[in-house]
Amino acid sequence: MHPKRRTLALALALPATVASLLGAAPAAPVRPASGPAAAGTDRHDPKPTIVLVHGAFADAAGWSGTIRRLQRAGYPVLAPANPLRGLAADTAYLRSVLAGVDGPVVLVGHSYGGAVISGAAVGDSRVKALVYIAAFTPDKGESAAELAAKFPGSTLGDTVNPRSYPLPGGGTGTELVIEQAKFHRQFAADVPAADAAVMAAAQRPVATAALEEKAGEAAWKTIPSWALIATADKNIPPAAERWMARRAGSRITEADASHAVAVSRPAVVAEVILDAARATR
């Protein structure tokens with residue numbers, strides 16, 4: 001494949017959200033979808049720990065507004081750094097983080113982070129719910145790049161640049177970054193321009209290998225799931241988000257928001273997560 005076309009195909013899969021912004025908007029209506037029933041309702045059970053996993057061009061600060069709301073509701077929260085180097089490696093890292101958490105867990109992933117949580121939760125009986133925020137929900141054998149290209153609508157390919165980075169064992173890999181001048185319009189259009197500029201400056205790149213890797217077994221087949229669809233998303237087409245959520249049997253909420261919905265609509269994001277957390281008790 002021509003290098004330019006290959007770069008654009010990979011770029012379709014890229015997620016985005018970075019920065020500690022606190023904008024809020026009214027929660028979107030929840031549309032129940034067919035899927036696994038939620039867990040029991042014993043109010044004496046301990047509250048689950050909510051683990052938030054960011055996607056590419058992001059860091060844990062992008063969850064700041066959501067974290068404050070979850071903490072005010074009395075939930076323990078953990079937002080680890082997602083390495084963004086490869087799906088298998090990132091999944092293994094998240095499993096190591098989960099190993100240090102006591103008690104039940106609600107696992108939340110934004111964009112590429114959705115693919116990571118889908119793999120990390122497999123076989124972990126402590127994970128009681130999965131929450132996908134404008135996220136990939138892959139089945140076994142699917143890659144993020146493949147899923148992003150399944151429906152039209154992403155314009156991300158025209159905004160990214162590849163660059164090389166050294167691999168631990170020698171040689172080089174390729175990672176993708178968003179052109180700062182295009183960052184605001186592309187995936188944070190509903191974030192103030194000055195804040196989006198900070199996000200663009202602080203973005204973390206994703207290795208192209210992470211977007212090409214095929215997913216393993218999918219935890220959403222056995223664990224109840226929730227999904228928030230960002231209907232103004234220019235990174236992952238909303239049609240793709242909706243298709244994946246329906247296939248997984250997730251309980252669906254839709255919000256008129258960019259891909260950076262956790263930054264621009266933290267109240268909506270928090271409410272979806274709280275709905276999942278309450279259903280586990």
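Residues numbered from 1 in each chain as written. Predicted model: local features only at pLDDT ≥ 70, side-chain atom pairs only at ≥ 80, totals over all residues. Heavy atoms only, no water.

Caption draft 1: Up close: the sheet that holds strand β8 (residues 206-207). Sheet architecture is open: three strands sit in the order β6-β7-β8, paired in antiparallel fashion. Two strands lie at the open edges of the sheet, namely β6 (160-166) and β8, each paired on one side alone. In this sheet, β8 lies alongside strand β7 (residues 172-178) in antiparallel orientation, the contact comprising two bridges. When the sheet's bridge partners are listed, leucine 176 is paired in β8 with valine 206. (Pairing = 2+ DSSP bridges. Helix = DSSP H or I, 4+ residues; strand = E, 2+ residues; numbered from the N terminus.)

Caption draft 2: Up close: the pattern of salt bridges. The tally for this structure, following the rule as stated, stands at 10 salt bridges. One salt bridge connects arginine 163 with glutamate 175, and the closest N-O pair in it is separated by 2.7 Å. Of this pair, arginine 163 sits in strand β6 while glutamate 175 sits in strand β7, placing them 12 residues apart in sequence. For glutamate 175, a relative accessible area of 6% gives the class buried. Overlapping salt bridges bring together Arg85, Arg163 and Glu175 as one network. (Salt bridge = Lys/Arg side-chain N within 4 Å of Asp/Glu carboxyl O. Buried < 20%, exposed > 50% of the residue type's maximum accessible area, 1.4 Å probe, protein only.)

Caption draft 3: Structural detail: the packing of helix α6 (residues 180-187) against helix α7 (residues 193-202). Following both chains from N to C, one finds α6 and α7 inclined at 120 degrees, their axes separated by 9 Å at the closest point. Put simply, α6 runs oblique to α7. Both α6 and α7 take part in a crossing whose hand is right-handed. Here α6 contributes Gln180, Phe183 and His184 to the contact with α7, which in turn contributes Ala193, Ala196, Met199, Ala200 and Ala201. Class assignment for the residues of the contact of α6 with α7 results in six nonpolar, two polar and no charged. (Axes fitted to C-alpha atoms, helices over the stretch in contact; angles between N-to-C directions. Parallel < 35°, antiparallel > 145°, perpendicular 65-115°, else oblique. Left-handed = near helix turned anticlockwise from the far one by under 90°. Contact = heavy atoms within 4.5 Å. Nonpolar A, V, L, I, M, F, W, Y, C, P; charged D, E, K, R; others polar.)

Without other data, these values stay purely geometric and don't point to any function.
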